[in-house]
Every structure is written in C-alpha cells, then in structure tokens.
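Chain residues, written in single-letter form:
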Amino acid sequence: MFAATVAATATVLGILLFLLGYLVWQGASALSLDFFTHLPTPVGEAGGGMANALVGSAKLLLVAAVVGVPVGFLGGVYLAEYDGGRVAFAVRYAADVLNGIPSIVIGITVYGLLVVPFGHFSTLAGGIALGLLMIPVALRTTEEFLRLVPDTLRDASLALGAPQWVTVVRVVIPAGMRGILTGLLLSLARVAGETAPLLFTALSNRYWSPGWLQPTASLPVMIFTYAIAPYDDWHRQAWAAALVLLAIVLGANVVARLALGGRSTAQT
Amino acid sequence: MPASPMANAGRRAIAFPRLSPATPGVARPQPPPITRETVVPRTRSRRPAPRWRLADTAFRVTALGFALSVLAITGAIAVELFVQSAAARHAFGWSFLWTSVWDPVFSKFGALPFIYGTLATTAIALAIATPLGLGTAICLAELMPRRLGDGLTFLLELLVAVPSVVYGLMGVFVLVPLMRSIGAPIERLLGGIPLFSGPVYGIGLLTAGVLLAVMIVPYIIAVGREVLLAVPQAQRDGALALGATRWETVRQVVLPYARSGILGATFLALARALGETMAVTMVIGNRPEIAASLFAPAHTMAAVLANEFAEAASDVHLAALVEVALVLFGITLVVNAIARLLILGTRGTERARA
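Note that the structure is predicted; figures quoted are calculated from it, not measured.

A. Molecular detail of the overall build of chain A. Each helix and strand in chain A was counted, giving 10 helices and 0 strands. Shown N-terminal to C-terminal, the secondary structure of chain A runs as helices and strands in the order α-α-α-α-α-α-α-α-α-α. Across its three principal axes, chain A shows a C-alpha extent of roughly 70 × 60 × 30 Å. Residues counted as buried form 58% of the 268 residues belonging to chain A. Of the roughly 10,500 Å² that chain A leaves accessible, carbon and sulfur atoms contribute 69%. Within chain A, one finds 13 positive and 12 negative side-chain charges whose respective centroids are separated by 5 Å.

Structural data, given as structure tokens:
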C-alpha cells in the first residue's frame, strides 16, 4: 500500500513540475526586452510589450501596501501586545472571515463602494481591493511573530523605566521585525497575482494610465485578457507575462521562506 | 553530565562537569511580577507621569483603532452585499436559489445553474485531489526522511502561491486540448451514458474540476502532512510494538488519530475551490445550463460574477449578481468555519493528551 502513496507523490510532483517547466519553456521563448519597455501593439501588429501593465501592477501594489500594511501591522501589534480578550477574539474572527471571502466578492464590494460613487474605474479602487485582501495575512503573521519575542525583553525594558508604548516600539517590534517584514512581503506576493478583484475596480488599459484615478493595466488582468483572445501573438505575450508574474511571486516567496527558515505558512 | 570532548584532551583524568546556570533542586526566590507600577512608582516618578501615560494611551488607542477597522471592513463587506442585493431578493425571494432560468433580457434570474456548477466542479476536484493529496501527505510524513520530506513540502507549498490566472493559462493551452483528445474516445465508448455524452469540446465541467484539483492538491498535502507529523511518535511505537506492520500502523493508528485534522485540510481546500474564479472561468465554458454530461460547458458562481458584473444590463441584473456573491460569501463562511473547528479540534486534543 505504501507503493500507492509513492505513486501519488510521483504523480503530483510530475504534474506540478511539468506545469512549471512548460510555463518556463513557453514564457522564455516569448520573452524579449521589448516586453519590459514597450506598450501593447494593436491587434495584428507584431511585437510590443506590457510596460504599462508592469508599472500598473507596481502602482496597484503600492496602494495595496499603503492600505493593508498599517491595518495589518498595527492591528497585529494590538492583538499581540494589548490582548483585549473579547475584542481580540472578535478581530481574529473577522480576519479569518475576511481571509475566507473569495477575492471576486471583495472586488464586487469595492466596486459598489468606490467605483460607482466616483463614476469610473480607477487604480485607487483596484489597489484598495488588493489592500483589503492582504490584511488578514499581514495581521496574523505580525501577531504571530510578535508573540515569539520573549517576555524577558519586555520585562527588561519596563524595568529600565520605559513606558509600554516605548517598549513596544523600540524593543518588541525591532526584535520581531525580520519575521514581520517577511510576513508583509508574503502578503504582498499573495495579492500581486490576484486577478478577480481587479476586473471591475482597476479594469485594464491599453495605454499608460494617466493618474491614480484612471483605469490601469496590470499583469494578471493582461494575462487573462490575452489568454482568452483568439490571436496567437497575444497568446505568446500572455505566456511571457505569466513567466514574469510567476518569477516575481515565487521569488518573493522563496526569499520570505528562506528568511523564516522553513516555517509553514500554508494555513495563514 | 558528559564532559565536553574538547576540554583538555587526556591531560586530566577528572573532567569537571560544567555548572548549569540554574542548579536544579535549589529553589530560587521568584521575583514578584513586574508591572509598570513596580518599576516606576507613581509617587517617585522623575518624569511627569501624565505625559507618558498620555502617549501610552494614544498608542494603544491607535493600535486598537486599526484592529477594529478589520472588524469594520468585514462587516462593511457583508452589509454592502446584503444592501446591494435588495432588489433581487425582493423580486425573486428564496426561489432565486432553486430556479434555473438566467435571462438578463427578460430580467428573470435564478442562481441554480451557478450553484450546481460550483458544487459539481468542487466535488470533482475533491474526488481527485483528496486521495492524491492524502497519499502524498502520508508518503511525505511517514516514509520519507525528514529532510527530503521538508524539501519537497517546501516545493509544494510554493505552488500554493502560483496565481490562479497562471493556472488558467495552463488550463486553456494544455489541459483543454488534452481533455479533448482523452474525452473523445471515452465519449465514443461510453457516450450512451448521459454522464459521458458528447459533444466533447475540451472545455466544460470535468476540465474545470481537474484544473481545480491540481490547484488545491498542494493545500491538502501541506496541511495534511503537518497534521500527520503532529501525531505523537508514541502512538506509532505502540502499534509497532504490538506487531503491526508499518502500513497497518498508518492505516489503523495514525490516520484515525489525525482524522479530524485531515478533514479540516480537506475543508480548507474545499473553501479555496469554491471561491476560485479565474482559472475556472477560463476553462468551464461559461454556459448557465445544468447538463448531465461531465463534458458539457457549465458555469460557476464566481465565474458568472467575473463575466457579467462589469457589463450588467440592468439594475435587477446587477442586484442578482450581488445576490450570487452573497450566496457564495455565505457558503465559504460556513465551510471555513467548519475547517477551523476541525483543525483546532486536533490541536486541542493533542495538547490535552500531551
């Protein structure tokens, strides 16, 4: 019977390695310098790239970080350092619920709250949708890593006469900083590949997005649009974009996991 | 205590044991717990007390505010979905859940085809992914040396991070042609049975289910292995000492012990599969019909949202879509809650028995 489990392992690893290998092969053959520096070309015209989508993704992630990091980080500090019993329980529960909400549902909510009132799709709305998505992971990892900081450090700081907030800001947070930063990086990486919440918040754009209140292209949405379009040239671009996106996301994950020394994050 | 091998090799016959800092057996007086009051007595404080107390309060309240905003955001999402779907809820009532006409032109909306599609694709995905994932988890946890298992798990956990749109791209260009060529002979052979009746387009219910299975297998493996590793070694030793083979040990001792945790892992994967949008919408065919065949195009709740929301024809159409989102929200809420309870359950019993 163990043979069956070995066969299952071989099957799973085989499928997954094939997928990655195929993606790298297809993506690498379609990737060129133009991809990073040029705008998309009109249908039928060869060449072109996704420079606007790369910049768009970066802008969206910036907005996401501005929204998600303070809430996740300071919320996590509260949960770890000022355990409020009933409040902490409610916040943890809410974070669990938020973590479980399908990302497309978040997109719909943001559409209702930020796109309809303003009257148009925008980078800001897309970034905020991504920011909401990263909150639960940022919150829980911050809390978890602050809890790993030994109490003796807190005691020593208090014994030297530091008020509690100085203890937290100058002693506890620096001690847990490495774990927290990697946690935040992981949460950003998680939302970097999200497509569904951007479909009706940031929409997409064939050109440079002129500002924060205009629709913008992003790598995931471009992959989606190009993959389901009927043009071979677009398919090649989609593979190239997928390879770039995967390299960014997996790169961030590898860095984070190596920094954490192999701690499991599958459940956060 | 053994002496350090490095210490004066051979010079002295007697190696002195190193003293551990806290000698066992000698009770050290326990200091009273340190609080802010013991450290900085109110009366003798050199700093004016109110100032740092003010800063302390300000910091605490700020952190509390951000923590509470999580609560507010989650609440706002639920309220927003409920309010925005009001028009559809009033127009169709509960029958929205079990009527299967979805016609934006005549403003008649029933969500059954989407609910069916979501449940069917998820069921197919779980039917494939659970045995594969569980088998792999057993292999990684019970058979492999810890190092190798850790390495492979690291690799598999990376796959959790692959964006779903990338899986969708794979699905469109690899899985769909594959399903077309595999499906055709099956249809010729078993086409008489409604479950396998054609035509085989390559896209459809089965393709979406298989793709979902590939996507959730890493979850089941990662969580399943962790749960299996949490089973105390004494349990295995006991079974082996009684003469059980290694497989019997796994089958009759380890798996029952880890049962609720494994179920939790499955539910976690189930929750992921239910809300999965991009990959599914790219390969399922997006047709709101309930067909008997596995090869027929279908639709899911998440997919219809992705496809129709941006170009909803009327207010009722929009409200109906938001109601679909509300239903999806409710289902994932319940499934996630069950998963958490099951996984917490194993951790709880483990702690109790340790």
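B. Representation of the packing of aromatic side chains in the model. As enumerated under the stated definition, the model contains 20 aromatic pairs over all chains in all. Between Trp-239 of chain A and Phe-173 of chain B, the ring centres sit 5.8 Å apart and the planes meet at 45°, which makes this aromatic pair tilted. Within this pair, whereas Trp-239 of chain A is found in helix α10 (residues 232-260), its partner Phe-173 of chain B is found in helix α6 (residues 164-190), the two belonging to separate chains. Their ring planes at 50° and their centres at 6.4 Å tell us that Phe-196 of chain B and Phe-295 of chain B sit as a pair that is tilted. Pair noted here: Phe-196 of chain B is in the loop between α6 and α7 (205-229) and Phe-295 of chain B is in the loop between α11 (278-283) and α12 (301-308), with a separation of 99 residues, a long-range link. Here Phe-196 of chain B falls in the partly exposed class, since its relative accessible area comes to 21%. An aromatic cluster of at least three residues, connected via ring pairs, comprises Phe-18, Tyr-22, Trp-25 and Trp-239 of chain A together with Phe-173 of chain B.

C. Structural view of a nonpolar patch on the surface. A contiguous nonpolar surface patch, about 460 Å² in accessible area, is contributed by Leu-62, Val-66, Leu-124, Trp-212 and Leu-213 of chain A. Checked against the element boundaries, Trp-212 of chain A lands in the loop between α8 (164-192) and α9 (219-227).

D. Region of the structure containing unusual backbone geometry. Residue and element names in this part refer to chain B. Although it is not a glycine, Ser-107 adopts a positive phi angle of roughly 55°. Counting through the fold element by element, Ser-107 comes out in the loop between β1 (102-103) and β2 (108-109). At Asn-286, a residue that is not glycine, the phi angle is positive and equals roughly 55°. Structurally, the position occupied by Asn-286 is in the loop between α11 and α12.

E. How the structure looks around the pattern of salt bridges. Here the structure, examined in full by the defined rule, presents 12 salt bridges over all chains. Residue Arg-92 of chain A pairs with Glu-143 of chain A through a salt bridge whose shortest N-O separation is 3.0 Å. With Arg-92 of chain A in helix α4 (residues 86-100) and Glu-143 of chain A in helix α6 (residues 123-147), this pair connects stretches of sequence that are 51 residues apart. The exposure class of Glu-143 of chain A is buried, given its relative accessible area of 6%. Salt-bridge contacts for Asp-96 of chain A lead to Arg-340 of chain B; the nearest nitrogen and oxygen are separated by 3.6 Å. Pair noted here: Asp-96 of chain A is in helix α4 and Arg-340 of chain B is in helix α13 (residues 315-353), and the two residues belong to different chains.

F. Fine view of the interface of chain B and chain A. Between chain B and chain A, the contact holds 80 residues from the first and 83 residues from the second. For the chain B and chain A pair, buried surface summed over both sides reaches about 7,400 Å², with 80% attributable to carbon and sulfur atoms. There are 2 salt bridges connecting chain B and chain A. Between Arg-257 of chain A and Glu-157 of chain B there is a salt bridge, and its shortest N-O distance comes to 2.8 Å. Where chain B touches chain A, the interface holds 3 residue pairs in polar contact (both at pLDDT 80 or more). For the side of chain B that touches chain A, the leading source of residues is helix α2 (residues 49-84) of chain B, giving 18 residues. For the side of chain B that touches chain A, the class distribution of residues is 60 nonpolar, 9 polar and 11 charged.

G. Structural detail: α8 of chain A. Taking 1.5 Å per residue as the helical rise, α8 of chain A with its 29 residues ought to reach 42 Å, whereas the 36 Å between its terminal C-alpha atoms falls clearly short. If you look at α8 of chain A, its biggest bend is around 60°, right at Met-177 of chain A.

H. Fine view of the packing of α6 of chain B against α7 of chain B. All names here are of chain B. Here α6 crosses α7 at 130°, and the two axes come no closer than 10 Å. It follows that α6 is oblique to α7 by the angle criterion. For the crossing formed where α6 meets α7, the hand is right-handed. On the side of α6, the interface is formed by Ser-164, Tyr-167, Gly-168, Gly-171, Leu-175, Val-176 and Met-179, while α7 contributes Leu-206, Thr-207, Val-210, Leu-211, Val-214 and Met-215.

I. View of the environment of Gln-164 of chain A. All names here are of chain A. One can find Gln-164 in helix α8. Look at Gln-164 and you get partly exposed, because its relative accessible area is 24%. Residues Gln-164 and Arg-154, 10 residues apart in the sequence, show an inter-C-alpha distance of 8.6 Å.

J. Local environment of the side chain of Asn-205 of chain A. Residues and elements named next belong to chain A. Its location among the elements puts Asn-205 in the loop between α8 and α9. There is a polar contact of 3.0 Å between the side chain of Asn-205 and the backbone oxygen of Pro-215. When sequence neighbours within four positions are dropped, the list of residues in contact with Asn-205 reads Asn-52, Pro-215, Thr-216 and Ala-217.

K. Main features of helix α5 (residues 146-160) of chain B. Taking 1.5 Å per residue as the helical rise, α5 of chain B with its 15 residues ought to reach 21 Å, and the 21 Å between its terminal C-alpha atoms agrees with that figure. All of the buried residues in α5 of chain B are Gly-149, Leu-152, Thr-153, Leu-156, Glu-157, Leu-158 and Leu-159 of chain B. The inward-facing, buried residues of α5 of chain B abut α1 (2-30) and α10 of chain A together with α4 (112-143), α6 and α7 of chain B.

L. Molecular detail of the nonpolar core. With 164 residues, the main nonpolar core has Ile-104 of chain A together with Leu-81, Trp-102 and Leu-305 of chain B as its most contacted residues. When residues no more than four places from it in sequence are discounted, the contact partners of Leu-305 of chain B are Ile-104, Ile-108 and Phe-200 of chain A together with Leu-321, Val-324, Ala-325 and Leu-328 of chain B. Core analysis: the next-biggest nonpolar cluster, separate from the first, contains 18 residues, Ile-138, Val-231, Tyr-257 and Ile-262 of chain B among them.

What counts as what
Residues numbered from 1 in each chain as written. Chains lettered and ligands numbered in written order. Predicted model: local features only at pLDDT ≥ 70, side-chain atom pairs only at ≥ 80, totals over all residues. Heavy atoms only, no water. Helix = DSSP H or I, 4+ residues; strand = E, 2+ residues; numbered from the N terminus. Buried < 20%, exposed > 50% of the residue type's maximum accessible area, 1.4 Å probe, protein only. Areas by Shrake-Rupley, 256 points an atom, 1.4 Å probe, with all protein chains shown as cover. Lys, Arg positive; Asp, Glu negative; His and termini not counted. Charge placed at Lys NZ, Arg CZ, Asp CG, Glu CD. Phe/Tyr/Trp six-rings, centres within 6.5 Å; stacked < 30°, edge-to-face > 60°. Patch = residues over 30% accessible without salt bridge, like charges linked within 9 Å, V, L, I, M, F, W, Y side chains within 5 Å. Salt bridge = Lys/Arg side-chain N within 4 Å of Asp/Glu carboxyl O. Contact = heavy atoms within 4.5 Å. Buried area = accessible area lost by both parts, 1.4 Å probe. Polar contact = N/O pair within 3.5 Å; in protein donor to acceptor, adjacent residues only side chain to side chain. Nonpolar A, V, L, I, M, F, W, Y, C, P; charged D, E, K, R; others polar. Expected span 1.5 Å × (residues − 1). Bend = angle between axes of the 7 residues up to and from the residue. Axes fitted to C-alpha atoms, helices over the stretch in contact; angles between N-to-C directions. Parallel < 35°, antiparallel > 145°, perpendicular 65-115°, else oblique. Left-handed = near helix turned anticlockwise from the far one by under 90°. Core = buried A, V, L, I, M, F, W, Y, C linked by side-chain atoms within 4.5 Å.

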